[in-house]
Amino acid sequence: MEEHMPEKKKQIMLSAMKLFATKGFSHTTMQEVASFCKMSKGSVYQYYSSKDELLLNIFMYQSKLLEDRMQMMERAGDLNPRERLIRKIEVYLSIWNEHPEFIKMQMRDNADHVNKDIREFMFKMSKLSIEMLVESLRDIYGQEFEPYLMDGASLLSSLVFTYMCLKLFDNIPIQIEKISKHIVGIMDYTAEGMIKHRPSPLLNARMFSLLEGDEVKTKIVHPLILVKQIREAVEGASIEKSNKQDILDSILVLEEELLQVQPRKVILLGMLSNIKEVAAWSSLYEQLCHAMDSTFRYAPGTFR
């Protein structure tokens, strides 16, 4: 993802993150961001039309970075549920370790001054994080732990954040891998105790708007995974050579666009149209359209 972002745009964003972490969002001006980047204010406005847009892009950048790293982790090899959770925690901690300003920025006065779009995106990030942790806890501890999934996910999230803050702010010299294994060990003892003693759960999924009725939302596979599977299907299909290359070229453009922080709908629609004639016979195409609707929060049927 990072290599597809224009260097100046990335420089502005990372510089703003440092300033927001130090001074706070409301006390930082676009002129200060420009000066910090050694650019003119007009040049900054060529990339970001407002300070709100700049802050939103910081959150989107971090969200996309996390999403990409998680996808890479999933493709790295077969992991059992416990190993997968440890690796997920390592991904979180590694990103925060690389960009400590992102955590510091959120601990200042930023949240009270942001607009509706930013608040909604922050809520979406928090919600997806909890959903991911719930999925891992369910896979590890099974049906008996079901009543405690939200309590467990909240505790797990708090542990990850607390240990990361100790490392970032107090310079506690603990390796990320060691922290991750230790946190999952704590969750093992917690789950064992809850299952044994059966306390009343404090939290439930409805409080977090994670459930629709009593049904768990269908897990959405990321579009990049489905595009890769479509590529493999096309490569193995009996298609005229020139047509196959055109389709593969469209798939490549689609993959590159999906790696952007804000994929452009017109490009996505265009490339889907190019591959539809060949790929529509496969259930993968329908899954891809559904995944893109859900991932990018478009109305159902936008990409069909």
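Parameters and conventions
- Residues numbered from 1 in each chain as written.
- Predicted model: local features only at pLDDT ≥ 70, side-chain atom pairs only at ≥ 80, totals over all residues.
- Heavy atoms only, no water.
- Phe/Tyr/Trp six-rings, centres within 6.5 Å; stacked < 30°, edge-to-face > 60°.
- Helix = DSSP H or I, 4+ residues; strand = E, 2+ residues; numbered from the N terminus.
- Buried < 20%, exposed > 50% of the residue type's maximum accessible area, 1.4 Å probe, protein only.
- Lys NZ or Arg CZ within 6 Å of the ring centre and 35° of its normal.

Caption draft 1: Spotlight on the packing of aromatic side chains. Tallying each qualifying case throughout the model produces six aromatic pairs. Note on tyrosine 92 and tryptophan 96: the rings are 5.8 Å apart at their centroids and 55 degrees apart in plane angle, and the pair reads as tilted. In this pair, tyrosine 92 and tryptophan 96 both sit in helix α5 (residues 81–98), four residues apart, roughly one turn of the helix. With respect to class, tyrosine 92 is no different from tryptophan 96; both count as buried. Judged by centre distance (6.0 Å) and plane angle (50 degrees), the rings of phenylalanine 145 and tyrosine 148 are tilted. Among the residues examined, phenylalanine 145 registers a relative accessible area of 0% and is labelled buried. Here tyrosine 148 falls in the buried class, since its relative accessible area comes to 3%. Here the aromatic residues Tyr92, Trp96 and Phe161 are joined through ring pairs into a cluster of three or more. The ring of phenylalanine 25 has lysine 51 sitting right over it, with the charged end atom 4.6 Å from the ring centre.

Caption draft 2: Examining unusual backbone geometry more closely. In this structure, lysine 38 is a non-glycine residue whose phi angle is positive, near 60 degrees. Examined against the element boundaries, lysine 38 turns out to sit in the loop between α2 (30–36) and α3 (41–47). Overall, the relative accessible area of 78% leaves lysine 38 in the exposed class. Backbone geometry at arginine 198 places phi at a positive 55 degrees, although glycine is not the residue there. Within the secondary structure, arginine 198 sits in the loop between α9 (176–197) and β1 (211–212). With relative accessibility at 41%, the residue arginine 198 sits in the partly exposed group.

So yeah, pure geometry; function would need other evidence.
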